[in-house]
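# Structural description and commentary
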Amino acid sequence: MSKLHETNDAPTAVETKKGAAQQDQHKDGIDRRGFLSCMAWAGTGLVWTMAGGVPTSRVFGTASAEAQTPHAAGADFSFVQISDSHIGFNKAANPDVAGTLQAAIDKINAVPGSPDLLLHTGDITQTARASEFDTAAQILKGSRIKDIHYVPGEHDTATDDAALYLERFGKGTRGLGWYSFTHRGVHFVGLNNSRQVDAMGTLGAEQLAWLKQDLAALTPSTPIVVFAHIPLWMVYPEWGWGTSDGEQALGYLKRFGSVTVLNGHIHQTVQKVEGNVSFHTACSTAFPQPAPGSAPSAGPMAVPAGKLRSVLGVTEVKYMGRKSPLAIVDSSLESTT
Amino acid sequence: MPMRLTRGERAAAVLLIVLGVPLLLANVHPFGNAQLFAAPRMQQVQLPQSIPVGARSVLAADCADCHSSVTRTPAYGRFAPVSWLLERDIVEARQHLNLSIWDSYDADKQQELLAEIAQQARAGHMPPPQYLLVHRGARLKQEDVAALLGWVHSAQAAASTATAAVDTLDSVVPPAQQKSVMHLVSGSPQSQPAQLLPPDATRGADLFNRRCTGCHSLTSNHEGPRLGGVYGRPSASIAGFPYSAPLTAAHITWNEQTLDKWLTDPDAFISGVNMDFRVPKPQERADIIAYLKQAQ
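Residues numbered from 1 in each chain as written. Chains lettered and ligands numbered in written order. Predicted model: local features only at pLDDT ≥ 70, side-chain atom pairs only at ≥ 80, totals over all residues. Heavy atoms only, no water.

## A word on the overall build of chain B
Just so we agree on the cut-off: Note on conventions: DSSP H or I runs of at least 4 residues are helices, E runs of at least 2 residues are strands, and numbering of each starts at the N terminus. Relative accessible area decides the class of each residue, using a 1.4 Å probe on protein chains only: under 20% of the type maximum gives buried, over 50% gives exposed, and in between gives partly exposed. Every residue pair with non-hydrogen atoms within 4.5 Å of one another is taken to be in contact. For every accessible area listed, the method is Shrake-Rupley and the probe measures 1.4 Å; residues are considered covered only by the protein chains on display.
Secondary structure assignment for chain B yields 13 helices and 0 strands. Counting from the amino terminus, chain B carries its helices and strands in the arrangement α-α-α-α-α-α-α-α-α-α-α-α-α. Across the 296 residues in chain B, those meeting the buried criterion constitute 44%. Restricting the contact set of chain B to residue pairs at least 6 apart, pairs at least 24 apart contribute 61%. Counting only carbon and sulfur atoms, one obtains 61% of the accessible surface of chain B, whose full area is about 15800 Å².

Here it is as structure tokens:
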């Protein structure tokens, strides 16, 4: 857990940028600058680049991220992650969630190069109303990236057992919205762990059985990207920030050389590398949540006026050569580019 | 030798092209055919009588152009591309809510739509800007919103009463006769209220796990307060839980009626509260409440 918490001591966004010059890449290869700025409550999305089977990522628009844009040498392709748009939410923490999702899309459209895919890791809507799905679809239609893949969050599924989600965003998926596809040699697996027991995510036996079978035919050198809403690993079980049977899913992934797990739900970036598996959670496009244990409970966090967009973000990931480090970069909606 | 046209003939030709081409193109329906001119234009928009007259007149005046089958299409709607834009919005609007077929929606669907109508009216999202641009008078006034909310609340209350009534009826009236009694209870003879089953705590427990446990547990506070013993408890009474000011000030006791209203739409019941989740189906609410009643 200690590794997690180091990300929570983030300075403010301004300080992060100042300190960024010395901070560069750490020996584990994570671009800490990028996600620190998100932890200073920026959060929008992440651009990921795949090269030779290893993903690197950066947040949109931070000066540091632009400077070391891994579009450069050897990138096979890049993709973007956004999360937790909560269309329909209208409380004090963000009265204009459509506006901030639009800002994220604008940011994505301004990413240099052209990311191949856009992943949305759930809580597209606040309460799974038809009108909320409509608004989200309308805004997402404006994305320059047309190949968009979704997984549901509990806000998309708890009202009606995912019925409307499956109709609007989960066509052609299995069970309650899980599926896989291969893009340029990278195997992507979308999971639904939004069914909660005491706030903790679950995958369930049926989905686990499918996952085992889905992975069975792949060679260990196949790069894997798993994306699901609730963190697959135990970020903070006290608040239900984990998946009760996530361990089993991760067991099936042990034999692969490069595994990247992307989640949302907790509205802040937390990263961890464990053996061959790197974990990352993305910021929300709607509102921040408190750092684990820093408040009596999880929930929308109101931030001082004018600060909101600095805590929302987009994640860009670049898939780089096998020996290159993982680079995940989160950028805030506020930063320029 | 090129044909020479008089100025009048040229003007006529231009007019023919400017009006004729859009008129012809309006026969194409790239965004769906809303049959805008299929029926003669109605002087008065007729909506189902099951909707109370106050709400019905607001709906007829401000909503029915898109949310019913009796659209009063303006003359310029005969010309593309305006016709396309109109059709796109109207086809989509009718898919969501077509007031002309209100009575054919089942009780669950009606409850869902009612909650949606209340939310849209309160938030001021409807009618949408492109409609208001042309129909300036259609912006909902305070009394219009009040009329719509009045309808929504009375219909929601009727559905809850119906639930309770079935509960009572079960012991006295054979199921075959319940339907006719139900019509009296719900006060809406045209609509077909679903046969609500008696509240059941076992079904409620399952629903609690599917709907509520993302934010609540019985034994400890999560994003929402712990719910063991919530039935019969005064509102906002868990010490140390950060309730919203409006809920803290509400001073209500959680029972069948208050919990049902709360679960239907917390914000409509007590404005400005934190909980932003609803259980649209009356049967599910009744079952969850039955579960909470025994989960002490």
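So, next bit.
## As for the confidence of the model for chain B
Residue and element names in this part refer to chain B. Rules: Within a predicted model, pLDDT stands for the predictor's per-residue confidence, ranging from 0 to 100.
Chain-level pLDDT for chain B is 82 on average; 85% of the residues reach the 70-or-more range. When mean pLDDT is taken per element in chain B, helix H13 (residues 282-294) scores highest with 96 and helix H8 (residues 175-186) scores lowest with 44. The low-confidence segment residues 165-193 (pLDDT under 50) makes 34 contacts with residues lying over four places distant or belonging to another chain. Predicted complex metrics record ipTM = 0.74 and pTM = 0.67.

## So, the pairing of strand S4 (residues 117-120) of chain A
Across a regular strand the side chains alternate sides, sitting on one face of the sheet and then on the other. Residue and element names in this part refer to chain A. Basically, it comes down to this: Convention used here: a crossover is right-handed provided that the path from the first strand, over the helix, to the second strand proceeds clockwise when the strands point away from the viewer. One requirement defines pairing of two strands: DSSP has to find at least two bridges between them.
Side chains Leu117 and Leu119 of S4 all project onto a buried face; the interleaved residues Leu118 and His120 project onto the opposite face, where all are buried too. Chirality of the crossover, the property in question, places the unit of strand S3 (residues 77-82), helix H5 (residues 97-109) and S4 among those that are right-handed. Two elements, S4 and strand S5 (residues 148-150), share 3 bridges in a ladder whose sense is parallel. Paired with His120 across the two strands is Tyr150, which belongs to S5. The handedness of the S4 to S5 crossover, carried by helix H6 (residues 130-140), is right-handed.

## Remarks on the confidence of the model for chain A
All names here are of chain A. Per-residue confidence for chain A gives a mean pLDDT of 79; residues scoring 70 or more make up 74%. Considering only residues more than four positions removed or in separate chains, one finds that residues 1-44, a stretch of pLDDT under 50, has 112 contacts. Low confidence marks residues 322-326, where pLDDT is under 50. Its contacts with residues over four positions away, or in another chain, come to 20 contacts.

## A closer look at the interface of chain B and chain A
Short version of the rule: Buried area is calculated as the accessible area (1.4 Å probe) missing from two parts once they are joined, with the contributions of both summed. For this analysis, a salt bridge means a side-chain nitrogen from Lys or Arg found within 4 Å of a carboxyl oxygen belonging to Asp or Glu. By the criterion applied in these results, polar contacts are pairs of N or O atoms within 3.5 Å in which, for protein atoms, one can donate a hydrogen and the other can accept it, and in which residues neighboring in sequence qualify only through two side-chain atoms.
Listed by partner, the interface residues are 24 residues for chain B and 26 residues for chain A. A buried area of about 2200 Å², summed over both sides, lies between chain B and chain A, and 40% of it is on carbon and sulfur atoms. Summed over the three residues of chain B that lose the most area to chain A, namely His222, Asp276 and Arg278 of chain B, the buried surface amounts to 26% of that side. Applying the counting rule to chain B against chain A returns 4 salt bridges. Arg211 of chain B is paired through a salt bridge with Asp161 of chain A; the nearest N and O atoms lie 2.9 Å apart. Where chain B meets chain A, there are 15 residue pairs in polar contact (both at pLDDT 80 or more). Where the side of chain B that touches chain A is concerned, the elements lending two or more residues are helix H4 (82-96), helix H5 (107-123) and helix H9 (201-212) of chain B.

## Topic: the sheet that holds strand S13 (residues 277-281) of chain A
All names here are of chain A. Our working definition: Axes here refer to lines fitted to C-alpha atoms; in helices the fit is confined to the stretch in contact. Angles between the N-to-C directions go from 0 to 180 degrees.
Reading across from one edge, S6-S7-S10-S11-S13-S12 is the order of the 6 strands in this open sheet, with mixed pairing throughout. Two strands in the sheet have a free side with no partner beyond their single neighbour: strand S6 (179-183) and strand S12 (271-274). Taking each pair of neighbouring strands and ignoring which way they run, the sheet shows an average axis angle of 15 degrees. Relative to strand S10 (residues 224-227), strand S7 (residues 186-190) runs parallel, the two being bridged by 4 bridges. Across the sheet, Gly190 pairs through a bridge with Phe227, a residue of S10.

## So, the packing of H5 of chain A against H6 of chain A
Residue and element names in this part refer to chain A. Just so we agree on the cut-off: The scheme is simple: roughly parallel for angles under 35 degrees, roughly antiparallel for over 145, roughly perpendicular for 65 to 115, oblique for anything else. Should the near helix be turned counterclockwise from the far one by less than a right angle, the crossing is left-handed, whereas a clockwise turn marks it as right-handed. Under the convention adopted here, Pro, Cys and the residues Ala, Val, Leu, Ile, Met, Phe, Trp and Tyr are nonpolar, Asp, Glu, Lys and Arg are charged, and Gly plus all remaining residues are polar.
Relative to each other, H5 and H6 sit at 25 degrees, their axes nearing to 9 Å. Considering the angle they form, H5 stands roughly parallel to H6. In this structure, H5 meets H6 at a crossing whose hand is right-handed. On H6, the residues touching Ala98, Leu101, Gln102 and Ile105 of H5 are Thr135, Ile139 and Leu140. Of the residues belonging to the contact of H5 with H6, the class tally is 5 nonpolar, 2 polar and no charged.

## Description of the side chain of Asn263 of chain A
Residue and element names in this part refer to chain A. Along the chain, the position of Asn263 falls in strand S11 (residues 259-263). By relative accessible area, which is 0% here, Asn263 ends up buried. A polar atom in the side chain of Asn263 sits 2.9 Å from the backbone oxygen of Ala228. If we skip the residues at most four places from it in the chain, Asn263 touches Gln81, Thr121, Ala228, His229, Ile230, Pro231, Leu232, Trp233, His280, Thr281 and Ala282.

## Description of helix H10 (residues 246-253) of chain A
All names here are of chain A. As a reminder, the rule being used: Read the arc as the range of directions from the helix axis to the C-beta atoms.
Every buried residue belonging to H10 is among Gly246, Ala249, Leu250, Tyr252 and Leu253, and all of these are buried. Considered in projection along H10, the buried side chains sweep an arc of 150 degrees and stay on one side of the axis. The inward-facing, buried residues of H10 contact helix H9 (205-216), S10, S11 and S13.

## Considering unusual backbone geometry
Of note, the amide linkage connecting Met126 of chain B to Pro127 of chain B takes the cis form, showing an omega dihedral of -10 degrees. Among the structural elements, Pro127 of chain B can be located in the loop between H5 and helix H6 (129-134). Even without being a glycine, Asp84 of chain A presents a positive backbone phi close to 50 degrees. Of note, Asp84 of chain A is situated in the loop between S3 and H5. Even without being glycine, His86 of chain A reaches a positive phi, approximately 50 degrees. With respect to the helices and strands, the residue His86 of chain A is situated in the loop between S3 and H5. Its relative accessible area of 1% is what places His86 of chain A among the buried residues.

## Notes on the environment of Asn209 of chain B
Along the chain, Asn209 of chain B falls in helix H9. Residue class for Asn209 of chain B comes out partly exposed when judged on its relative accessible area of 33%. Sequence-wise, Asn209 of chain B and Ile288 of chain B are 79 residues apart; in three dimensions their C-alpha atoms are separated by 9.9 Å. Apart from residues lying up to four places away in sequence, Asn209 of chain B is in contact with Arg195 and Gln196 of chain A.

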